[in-house]
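Residue strings, one per chain:
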Amino acid sequence: MSQKINGVKGMNDLLPGEIEVWQFVESTARTLFGRFGYGEVRTPMVEDTALFVRSVGEETDIVGKEMYTFEDKGGRSLSLRPEGTAPAARAYIEHSVSNQEPVSRWFYMGPMFRYERMKTGRYRQFYQIGAEAYGAREPAQDAELMDVVVQFLEALGLTDVTLNINSLGDDNCRPAYHAKLVEYLNAHREELCADCQQRLERNPLRVLDCKNEKCQAVAAAGPNVLEFLCEPCRAHFTDLQRKLGVLGIKYVVNHRLVRGLDYYTRTVFEFIASHPALGTASTVGGGGRYDKMMKGLGGPDVPAVGFAMGLDRLVLLLKEGGKTFTQRPDLFIAVADEGSQDAGLALASRLRREGLKVDFDTRGGSLKSQMKRADKSGARFTLVLGEQERQSGQAKLKPMAGGEPIPVALDSVAATVRAQPEAPAAAPAS
């Protein structure tokens, strides 16, 4: 007997009955982002490893510990993409988009890969929906992106989410803050976890992103980055807050917010959900401004700002809400005798062409077994097709939620079904 092969740990199958929730989120994103003028971009799942080393940062946990990196047959070092911003930036540079239009707005969705300890709503193959805006340095672009997320969450029906914002300054003012932070953290080195003691040597800002409670307590009492901002960065952050007020977007200023990637300058933000299903993994999305990345990757000196949201966590929140996403059939066609099987198959095909969602058991079987299948399908109506219906051209629609059968001509089934008021779905048979 052959040994059963299971899926890779942390990389999950999405089956009918669940995938409908994902499709709802994805279609909502495409509609909403389109209203803001964002066009979809699709990049390869595999990129040159150097792209992530130079953009995300060699000292980050993502590059240092979590990337799926391998050597291909040509001897090149390639990596499965761990995030979506760097691949989009690479595509923007490679296709000389800055020469075609001064401001570009893109969005993407798809799988990302990180070998990390799994937690609620985060797996080794996980999915993100994100957006990037290139060419605008103004705070209005930051505010617009946050407005995209706010309206997206509202469209999904997720309202118990808080926006946190911060500014990390730029190359003019961050060094002074960095020096003060290192001085402070060195004085509290023994209170930090082993990972943060290493981060202190390589990238001290990462200490502020640690989830260890002791490290968080140390960070909370440390220097405030907002007190070190130069005048241009302060003005940028102040104007961003004013514009969020104009848009009616509520927010919390969180001076400890740094995000987990090295490419951010000035604005960073996170959307944090309050829901027990997420446990401590409460961030559903975030992003910020990365004005230096394009030039650092060999491209033009173009400013940019973007965000990404965890699709797995959004789906989890929607499923916890109890809303039904599976579209039930409009009609189940059952056949009363073997001689009606071909006619039933043909009728189902025609009605599908006419726009109805039709369920039909291709196995045939007894009428009793077909009616059990009809109950389980949750269809609005059932039509039984036998010799009498084929000869007369007339049948009856049985409302599965209860009520009197509705006479119908076989050549006008679709119109008759559409004319009926929507009734609550009957409880599927167990």
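Residues numbered from 1 in each chain as written. Predicted model: local features only at pLDDT ≥ 70, side-chain atom pairs only at ≥ 80, totals over all residues. Heavy atoms only, no water.

1. Looking at the overall build of the protein chain
The test is simple: Put simply, DSSP marks the helices as runs of H or I at least four residues long and the strands as runs of E at least two long, and each gets a number from the N terminus on. We compute the radius of gyration from the C-alpha atoms alone; for a globule the expected value is 2.2 Å times N to the 0.38, where N is the number of residues. Under the scheme applied here, a residue whose accessible area is under 20% of the maximum for its type counts as buried, over 50% as exposed, and between as partly exposed, the area being computed with a 1.4 Å probe on protein chains only. Two residues qualify as a contact provided that any one of their heavy atoms is within 4.5 Å of a heavy atom in the partner residue. The Shrake-Rupley method, run with a 1.4 Å probe, gives the accessible areas here. Residue values count only the displayed protein chains as cover. Charge assignment: positive for Lys and Arg, negative for Asp and Glu; neither His nor the chain ends contribute. Lys charges are placed at NZ, Arg charges at CZ, Asp charges at CG and Glu charges at CD.
On a plain count of helices and strands, the protein chain comes out with 15 helices and 16 strands. Compactness check: the protein chain gives a C-alpha radius of gyration of 28 Å against a globular reference of 22 Å for 430 residues, more than 25% above the reference. Taken over the C-alpha atoms alone, the protein chain extends approximately 90 × 60 × 45 Å along its principal axes. Taking all 430 residues of the protein chain together, 50% fall into the buried category. Within the protein chain, counting contacts between residues at least 6 apart in sequence, those at least 24 apart form 70% of the total. Of the roughly 21,500 Å² of accessible surface on the protein chain, 49% is carried by carbon and sulfur atoms. With 54 positive and 55 negative side-chain charges, the protein chain shows a spacing of 2 Å between the two charge centroids.

2. With respect to the UniProt feature "binding site: L-histidine" (unreviewed entry) in the protein chain
So the rule is basically this: UniProt positions are given in the numbering used here, feature names are shortened, and annotations may be inferred rather than shown by experiment.
Mapped onto this structure's residue numbering, the UniProt feature "binding site: L-histidine" (unreviewed entry) falls at Glu83, Gly84, Thr85, Arg114, Gln128, Glu132, Arg259, Tyr263 and Tyr264. Turning to its location among the elements, arginine 114 is positioned in the loop between strand 5 (104–113) and strand 6 (125–134). Discounting residues that sit within four places of it in the chain, arginine 114 has contacts with Ile62, Glu66, Tyr68, Pro82, Glu83, Arg122, Tyr123, Arg124, Phe126 and Gln128. Structurally, glutamine 128 is set in strand 6. The buried category is assigned to glutamine 128, whose relative accessible area is 8%. When neighbours within four sequence positions are excluded, glutamine 128 is seen to be in contact with Glu83, Gly84, Tyr108, Met109, Gly110, Met112, Arg114, Ala308, Met309 and Leu311.

3. A closer look at the side chain of glutamine 141
As a reminder of what qualifies: Two N or O atoms form a polar contact when they lie within 3.5 Å of each other; inside protein one atom must be a possible hydrogen donor and the other a possible acceptor, and for residues adjacent in sequence the pair counts only when both atoms belong to side chains.
As for its position among the elements, glutamine 141 is in helix 5 (residues 139–156). The class of glutamine 141 is buried, set by a relative accessible area of 5%. Reaching out from glutamine 141, the side chain makes a polar contact with the side chain of tyrosine 38 at a distance of 3.3 Å. At 2.8 Å, the side chain of glutamine 141 and the side chain of glutamate 144 are in polar contact. Apart from the residues lying within four places of it in its own chain, the contact partners of glutamine 141 are Tyr38, Arg105, Ala133, Ala136, Arg289 and Val305.

4. A word on helix 7 (residues 194–202)
The α-helix winds at 3.6 residues per turn, so residues separated by three or four positions along the chain end up facing the same way. The line we're drawing: The reported arc concerns the directions from the helix axis to the C-beta atoms and nothing else.
Within helix 7, burial applies to Cys196, Arg199 and Leu200. The arc enclosing the buried residues of helix 7, seen along the axis, measures out at 110°, which places them on a common side. Exposed side chains of helix 7 directed beyond 90 degrees from the buried face belong to Ala194 and Glu201.

5. Thoughts on the sheet that holds strand 4 (residues 77–80)
Applicable threshold: Here, a strand pair is defined by DSSP locating no fewer than two bridges between the strands. For helices, the fitted line uses only the C-alpha atoms of the stretch in contact; every axis is such a line through C-alpha atoms, and the angle between N-to-C directions lies from 0 to 180 degrees.
The sheet built from 3 strands is open, its strands ordered 2-4-3 with antiparallel pairing. Each of the sheet's edge strands pairs with one partner strand only, and the pair in question is strand 2 (46–48) and strand 3 (69–71). Each adjacent strand pair in this sheet contributes to an overall mean axis angle of 35°, direction not counted. Relative to the sheet, helix 2 (residues 49–57) contacts strand 2, strand 3 and strand 4, its axis offset from that of strand 2 by approximately 70°.

6. Here's the deal with the environment of glutamate 94
Following the sequence through the fold, glutamate 94 ends up in helix 4 (residues 85–94). Residue classification places glutamate 94 among the exposed residues on the basis of a relative accessible area of 53%. Glutamate 94 sits 40 residues away from tyrosine 134 along the chain, and the two C-alpha atoms are 14 Å apart.

7. Quick look at the nonpolar core
Our working rule: Definition of nonpolar core: a set of buried residues of the types Ala, Val, Leu, Ile, Met, Phe, Trp, Tyr and Cys, connected through side-chain atoms within 4.5 Å. The domain boundaries here were taken from an automatic or database domain assignment.
Among the nonpolar cores identified, the biggest contains 97 residues, and Phe33, Phe152 and Phe271 are the most heavily contacted of them. Considering each element in turn, this core owes the most residues, 9 residues, to helix 5. Three or more residues apiece are contributed to this core by two domains, here domain 1 (18–170 + 241–321) and domain 2 (173–229). Filtering out sequence-adjacent residues up to four positions away, phenylalanine 271 remains in contact with Met146, Val149, Val150, Leu153, Val161, Thr162, Leu163, Ser282, Thr283, Val284 and Gly285.

8. Quick word on the layout of surface pockets
Worth spelling out the cut-off: Cavity means a closed set of points on a 1 Å grid over the protein atoms alone, one where a 1.4 Å probe fits but cannot get out, pocket means an open set with protein on both sides within 12 Å along at least 5 of 7 lines, and lining means a residue has an atom within 4 Å of a point. Grid points are joined across faces, edges and corners, and a volume is the space filled by probe spheres set on the points. We call Asp, Glu, Lys and Arg charged. Ala, Val, Leu, Ile, Met, Phe, Trp, Tyr, Cys and Pro are nonpolar, and the rest, Gly among them, are polar.
Approximately 300 Å³ is the volume found for the second largest pocket. Val150, Glu154, Thr159, Val161 and Lys250 are the residues nearest the centre of the second largest pocket, which is lined by 17 residues in total. For the lining of the second largest pocket, the elements supplying multiple residues, two or more each, are helix 5 and strand 7 (161–167). At 5 residues, helix 5 tops the list of elements feeding residues into the lining of the second largest pocket. Split into classes, the residues belonging to the lining of the second largest pocket amount to 10 nonpolar, 4 polar and 3 charged.

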